[in-house]
Amino acid sequence: MGEPHVHDVLILGGGAVGTTLARALSRFDLDVVLLEAEAEVAFGVSKANSGIIHSGLHAPGDTLKGRLEYPGNRGWHQLHEELGFGFAPVGETLVAVEEAELATIESIRQQGVDKGVPGTQPWTPQQALDAEPNLNRDLAGAVWVPTAAVINPYEAVMLVADAAQRNGVRIEVEQPVIAIDPVDAHRPDAPLIVHTPAGPWHGRYVINATGLFADEVAAMAGVPGLTIRPRKGEEYLLDRRVEGLVHSIVFPAPRPTSKGTLVIPTVDGTIMVGPTAHEVDDKWDTSTTEEGAAEVFANARRLVPVLNERDVIAEFAGLRPVAQTGDFVVGPTERPGFINAAGILSPGLTAAPALADHLVDILADQGLALVETTDWDPTAPHPVRFAGRSTDEQRRLAADDPRYARLVCRCELVTEAEVREAISRGARTLDGLKFRTRAGMGRCQGAFCTWSCLTLLAEGLDVPVTAVTKRGGDSWIVCERDDQPEPDATGGDQPELDAAGSSVAW
Amino acid sequence: MVTTEHPRQLADSYDVTIVGGGPAGLAAAVGARDQGAERILLVDRDPTPGGILLQCIHSGFGLHTFGEDVTGPEYAHRALEQVVDHDVDVLTDAYVTDASSDLRLKLMSPSTGVATVDTSTVVLAPGARERTRGAIRIPGERPAGVMTAGLAQAMVNLHGRLPGRRAMILGSGDIGLIMARRLTLEGVEVAGVCELLPYPSGIGRNVVQCLEDFDIPLHLSTTVVDIHGRDRLEGVTIAPVDDDRRPVMSRSAHVPCDTLLLSVGLIPDAELAQRLQLRLDPVTGGPVVSSTMETSRPGVFAAGNGVHVNDLADWVSREAQVAGAAAGDLALGRHRPLEDVHVTPGHNVGYVVPHTLSTSRTQTVSFRVKEPIHGDTILRIGDVHRRKVRAVVPAEMITLKVGPKLLDGCAGDTLRVDAIPAGQEEA
C-alpha cells in the first residue's frame, strides 16, 4: 500500500456555498474535490430556494450575513456575466400596506443606505402603483430598491459547478458523508479522512457546507455545539397566463405575524408566491400543506389582491438550515483543518459568492498556500436558451444544428439540442434536466415531454430507461413489463437513429 | 406512410394550414380538400400523425365515422390514409410556435428549420392537455410515480414500459378508467379509483367494462389528501369528502402504492388561441366558435378537443370536417354563412358549442349538463326544439342537429339550451 492521495481541500456539499467556493478555489493551483450527497449539485437546500438575489437591505450590518449580503449581490452580477445563467435585475418594491408600516420600511431603507446599497428611493403610493399597477390600491407607501435580482438557484449553482469543473475541480455526486476519522493522537495535524460510499477521501482542509446536515457532519468530525434546525418555506408557482402581474419582487413590511410572503417575478417570466417560514422537525420534510397554501395566498393578496390559487401549476417546499445563533456559522473549529460554513439561511444564496471569498481568506489564514494558475478561465460557454432568442438567431441556430428545430418541451419551448447540451454538462436525472433546461416545468408538468427526456437521458448516460431516475436514489420512473427480462446496462435500449442522426424515439 | 424528409422546402403560402394531426386535424384536411382548396398544409408535432389516438389501443372508435368498431391506431391510420389520398402536404415532427394576426405562422421542424408561412385560413386542432397535480393542488411530498393517466398510457402502449407495480388512480375520467383496465391486464395491481364527485366522470360503458368487469373498486366522493415518499411514491392518504367536497380527515386511510395516476380532466390546449387573442369560452377554456367553427378572428377556425373536450373521436372528426370545409370555402373566396342566432347555456347546462348558429344551414349543437338527471329529461333549445331523453350525465356530451327549418324566424334571437327533469319544465 502506497501513501493515500491527499487532496488540498475537500468541500462537503454542492449547494450554493460549496459550488461558489469550488469555483473561487479553481483559480488557484490546488487539488480540490467537492463531494455531493445527492444525485446532482443544488439538489438540497439550494434547489427549493426563492431564487432572489437580495438588494442588500434586509440583513442587519452587524451580522455576518448582513456584511456579506450586498457584496454577494455584486458577486452574482459578475458570475452572471461570466457564466450566462438566467438573471433578471428586476429590483424590489418594499410595500407598506398600512400607515404604521411606513416607519418600518424607512428604517429598512436606511439600514441599506448605511450598508452602501445604492439607488434606494422612498415612493408615494402613486409612484408605486405607476410601477406596479396590480399592487393593493390602499397601500400607504413603498421603497424602491433597484439592486435586487432573480435567478434560478439550481440553474445558477449547476453552471457555477460546471465552471469549477472546467477549471479542474473534481465533483463527485451521491457521496454522502458516512464518517470522519477522529484525530490521530500521534499525528494531530495529519490530513482529515472523510468516508463516503466511494471510499475514504483524504484532505488537508475540509469545508463543511452540508446545509441541513452540517451539525451531524460537524459532530462526525468531533466538533460539538452546532445545531441546525430546518425551517420550511412553501412556494407556489403560477401559470404563464399571469405573466407580468408584478415586474419587481414585491416585499411586505416585516410583521410580527408574518415572516414576509413575497410576490416574485421569476427569471423565466412566471410568477411565484411564497415562502412560508415554519420550523419543522424532519430534515426531509419538503411536503407542501393546505395550511401553507392558505397562508401564502392570504398574505400575498394583501400585497397583490388579484392573486388566485387557481393559477397554481406547481408547488414545492424547501428547508432553511437555521443555526442556533440565527446567523451564518463560518470559520475554523477546534478540529484542525475542519472549517464550518453552516447555518446559511437567507440571504445565504445572495451572500454565497462573497462567502466563498471569505472562506478563501479563512483557508489562507489557516495556512493554505494560494498560487494563482496561469490558465484559469473565468468564463464558460453560455447555455443557449432557444425560446429567448430572436427569430433570426433561432433560424441560424436551427440551420447549424437541426436539433434546435426539434421541440422536446412544448410548454417552455425547449429543444432537443438544449436537452443534449444539458446532459453533456452533467444532467443525470429528470429533475436535473428540468432545472437546467425548464423541460417539464411548464403547465403540463411533463405530461408530454417526460418520455423524450427519459430517452435522451438514457442515451446520454448509456443506461436503459428503467435506470433513469427523477432525482437519484430510488426515484425510478418506469419499470419493465413482467414478461420482459431486465436488459443489462449496455443492453439494446438505445433509441433508433434516423437519417439526420437524431433521436426519433418519441 | 408519411415520414419526415430531410431537408424540405415549404411553399411560401397556403390556402389552409391545419395545426395538429390528431383526429381533428386529419378530418379538417379532408374537409378543406373536398371543398376544392388546393394548397393545404398539415403540421403535426409527432413523427407520425394521429395524435393521442395512437396510444389508445383499445376499441370503441369509429362506429360513426367508419361504421365499425376499431382501435385508436386503426382509426388514426384510416384518417391518415384519407389525408394522403387527398394529396395534403404533411409536415411532421414540427411545431407552430407563433401566429400573427395577419396569419403568418412561425413553425419549426428539423426538416425545415425555423420557417414562416402565410396562410389564407388556419384550422387550430391542438387537442387538449391533462390537468396535473399542480392544477388540483394535492399537498404532500413530490416523489417519482405521480403522473397523468395519459403519460402512463403512452409509457405502456407506445413504449412498452410500466409506470409502476401498484397503482392508485385519482379521478374517474375516461383515460383513468381505461388505464385501470390496461394496467390490470399488464399485471399491475390497481388498488382503486377515487372520484371527488358523487358520480363517475367517465362514460358509463367505461365504468362497467374497465372497473366492474375487473373488480376494481370505485370510491365515489373520495379524494387523495396526501402523498408520501421521498424518492419513489410509497403511498397516498385518501379521505371521503362531505357535501361541500371538503375531506373528512377523521375517516382517512393510507393506501400503499408506488404509482398515482391522475385522470382529473382535460383542458383545451389554447396556446395559439391565446397568441391570436381569440375570444375564449371561460367554461370550456377553448375558443368561442361559429356554426362553421370559425373563431372570433376571421379566417381562424378551430375544432376538436382544442375547442371543447369530446368523448368520442368520431364527434371530433365530424366537427373538424365542418371546420376544414369552411376554411377551404373562405380561402377560395366563398362567402361564409350569416351567423344570425346566438346560443347560450341555460338551466343545468355547462356550455354549448358552437356559440352562434346560422338560419341558412344544418348544424350540430353540442353541450354537457352540469349535474346528472336520473330519469326522463327534457332537452330544449329556446322554444324551437324540444326532445325527451332517458337520463343525462355530465360525462356524456349531448349533440342535437339543428336545421334551417327549426330556426326559421329566429334570426337575431338568443336561444337558451336547457336540460330539465321532465314535469318541471315550467318551474
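Residues numbered from 1 in each chain as written. Chains lettered and ligands numbered in written order. Predicted model: local features only at pLDDT ≥ 70, side-chain atom pairs only at ≥ 80, totals over all residues. Heavy atoms only, no water.

A. A look at the pattern of salt bridges. Applying the stated criterion across every chain yields a total of 58 salt bridges over all chains. One salt bridge connects Arg 301 of chain A with Glu 309 of chain A, and the closest N-O pair in it is separated by 3.1 Å. The class for Arg 301 of chain A is partly exposed, based on a relative accessible area of 29%. The salt bridge partner of Arg 39 of chain B is Asp 15 of chain B, with a shortest N-O separation of 3.0 Å. (Salt bridge = Lys/Arg side-chain N within 4 Å of Asp/Glu carboxyl O. Buried < 20%, exposed > 50% of the residue type's maximum accessible area, 1.4 Å probe, protein only.)

B. Here's a closer look at the domain arrangement of chain A. Residues and elements named next belong to chain A. Assigned domains of chain A: these are domain 1 (1–87 + 150–227 + 324–382), domain 2 (92–146 + 229–318) and domain 3 (384–506). Here the C-alpha centre of domain 2 lies 29 Å away from the C-alpha centre of domain 1. Carbon and sulfur atoms make up 64% of the surface buried where domain 1 meets domain 2, a total of about 2,100 Å² over both sides. When the buried area of domain 1 at its contact with domain 2 is split by residue, Leu 57, His 58 and Val 150 rank highest and sum to 28% of it. With its nearest N and O atoms 2.9 Å apart, the salt bridge here joins Glu 216 to Lys 283. For the pair domain 1 and domain 2, the interface holds 13 residue pairs in polar contact (both at pLDDT 80 or more). Elements with a contribution of two residues or more to the side of domain 1 that touches domain 2: helix H2 (64–83), strand E8 (149–151) and helix H6 (214–220). For the side of domain 1 that touches domain 2, the element with the most residues is H2, which contributes three residues. Taken together, the residues that form the side of domain 1 that touches domain 2 break down as twelve nonpolar, eleven polar and four charged. (Domains from an automatic or database assignment. Buried area = accessible area lost by both parts, 1.4 Å probe. Polar contact = N/O pair within 3.5 Å; in protein donor to acceptor, adjacent residues only side chain to side chain. Helix = DSSP H or I, 4+ residues; strand = E, 2+ residues; numbered from the N terminus. Nonpolar A, V, L, I, M, F, W, Y, C, P; charged D, E, K, R; others polar.)

C. Structural detail: the confidence of the model for chain B. Mean pLDDT over chain B stands at 95; residues scoring 70 or higher make up 98%. A low-confidence stretch, residues 1–5 of chain B (pLDDT under 50), is modelled with twelve contacts involving residues beyond four sequence positions or located in other chains. (pLDDT = per-residue confidence, 0-100. Contact = heavy atoms within 4.5 Å.)

D. Seen up close, the domain arrangement of chain B. Residue and element names in this part refer to chain B. When the domains of chain B are assigned, the result is domain 1 (13–129 + 267–336), domain 2 (132–264) and domain 3 (342–421). Between domain 1 and domain 3, the residue contacts involve 18 residues of the former and 17 residues of the latter. Carbon and sulfur atoms supply 54% of the area that domain 1 and domain 3 bury against each other, a total of about 1,200 Å² over both sides. Scanning the region where domain 1 abuts domain 3 turns up one salt bridge. Residues Arg 368 and Asp 311 are paired through a salt bridge, measuring 3.0 Å at the closest nitrogen-oxygen approach. Where domain 1 meets domain 3, there are nine residue pairs in polar contact (both at pLDDT 80 or more). Of the residues in the side of domain 1 that touches domain 3, the class split is nine nonpolar, six polar and three charged.

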